[in-house]
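# Residue-level structure breakdown
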Amino acid sequence: MTGRLMLLDTASLYFRAYFGVPDTVRAPDGTPVNAVRGLLDFIDRLVQDHQPDHLVACMDADWRPHWRVELIPSYKAHRVAEEHELGPDVEEVPDTLSPQVPVIEEVLDAIGIARVGVAEYEADDVIGTYAARAKGPVDIVTGDRDLYQLVDDARGVRVLYPVKGVGTLQITDEAALRAKYGVDGRGYADLALLRGDPSDGLPGVPGIGEKTAAKLLAEFGDLAGILAAVDDRKAKLTPAQRKRLTEARPYLAVAPKVVRVADDVPLPDVDTTLPSTPRDPAAVEELAVRWGLGGSLRRLLTTLAR
């Protein structure tokens with residue numbers, strides 16, 4: 001794969017579309033399609049502004065993989081609507097968003113935009129693997145700061161973070177990370193696991209907030225360096241920090257595998273080239289009429305044809 005690759009954290013973007021576009025945007029039968037149309041508008045703007053050669057809509061085949069839950073049981077536990085032992089748990093999703101997700105998938109497939117999800121992995125892991133394999137620059141579009149860990153100036157990997165819709169994107173490179181968090185991409189995962197993240201059910205180390213975590217990483221380099229300092233009585237740790245980090249060792253032993261994005265997902269062999277014409281024009285037309293996708297779909301198809 002050569003040229004610029006754009007990776008969409010699809011669920012993150014359609015959630016933003018759902019909450020950003022009024023639910024009065026509906027299909028002819030009255031079904032809300034605000035997330036569908038909002039996502040199509042997002043993609044249209046992204047392609048216009050950043051002109052990728054390749055585009056992948058990365059999906060959560062499993063939004064809460066059991067292998068992560070086994071390590072940290074609280075991982076995303078507060079967002080579980082229904083647990084399943086033999087398959088992915090069901091996530092709490094607004095009632096009028098759930099029916100729109102299959103429509104989004106059908107529309108992307110009909111257009112010919114690559115859509116990739118892998119069993120037992122989150123979209124983040126799919127993104128991490130594509131980013132690791134890319135030969136050219138990579139734009140990751142996400143509203144999830146967890147993916148800041150993939151930022152790598154040397155390889156041209158950056159995060160486009162929507163601040164307001166996608167009309168205003170925060171372009172996050174290593175300079176931006178250092179300015180805000182005091183770490184680079186590699187250090188962001190360590191910062192995140194030390195600080196914790198209530199939205200993902202990650203407890204972090206009690207008493208170690210973002211600023212303290214950044215200072216510790218600046219002083220000792222990475223998580224391994226911090227843990228070595230805990231065992232070194234000459235290291236510059238306060239008694240309280242040493243105590244908290246010691247008590248958190250069981251968590252810190254497993255948290256890296258949970259927080260760090262996988263880069264070895266078995267990706268399917270799909271064509272990621274940005275399509276210039278729809279893969280299935282008849283299906284596109286049928287979906288446009290059935291769901292009243294109107295201008296949103298037409299604008300995207302016009303942009304792709306340029």
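Residues numbered from 1 in each chain as written. Predicted model: local features only at pLDDT ≥ 70, side-chain atom pairs only at ≥ 80, totals over all residues. Heavy atoms only, no water.

Naming follows an unreviewed UniProt entry, where the chain appears as 5'-3' exonuclease of Streptomyces thermocarboxydovorans. The UniProt entry for the chain carries the following text under Function (unreviewed entry): "5'-3' exonuclease acting preferentially on double-stranded DNA." (UniProt positions renumbered as here; feature names shortened; annotations may be inferred.)

All chains considered together, the criterion is met by 17 salt bridges. With a shortest N-O distance of 3.2 Å, Arg4 and Asp139 are connected by a salt bridge. Of this pair, Arg4 sits in the segment before β1 (5-9) while Asp139 is found in strand β6 (residues 138-141), placing the two residues 135 residues apart along the sequence. Owing to a relative accessible area of 24%, Arg4 belongs among the partly exposed residues under this scheme. Accessibility expressed as a relative area gives 0% for Asp139, which makes it buried. A salt bridge links Asp41 to Arg299; the shortest N-O distance between them is 3.2 Å. Of the two residues, Asp41 is situated in helix α2 (residues 34-50) and Arg299 in helix α13 (residues 294-305); the sequence distance between them amounts to 258 residues. Take Asp41: its relative accessible area is 28%, and that puts it in the partly exposed class. In this structure Arg299 comes out as partly exposed when scored by relative accessible area, which is 42%. (Salt bridge = Lys/Arg side-chain N within 4 Å of Asp/Glu carboxyl O. Helix = DSSP H or I, 4+ residues; strand = E, 2+ residues; numbered from the N terminus. Buried < 20%, exposed > 50% of the residue type's maximum accessible area, 1.4 Å probe, protein only.)

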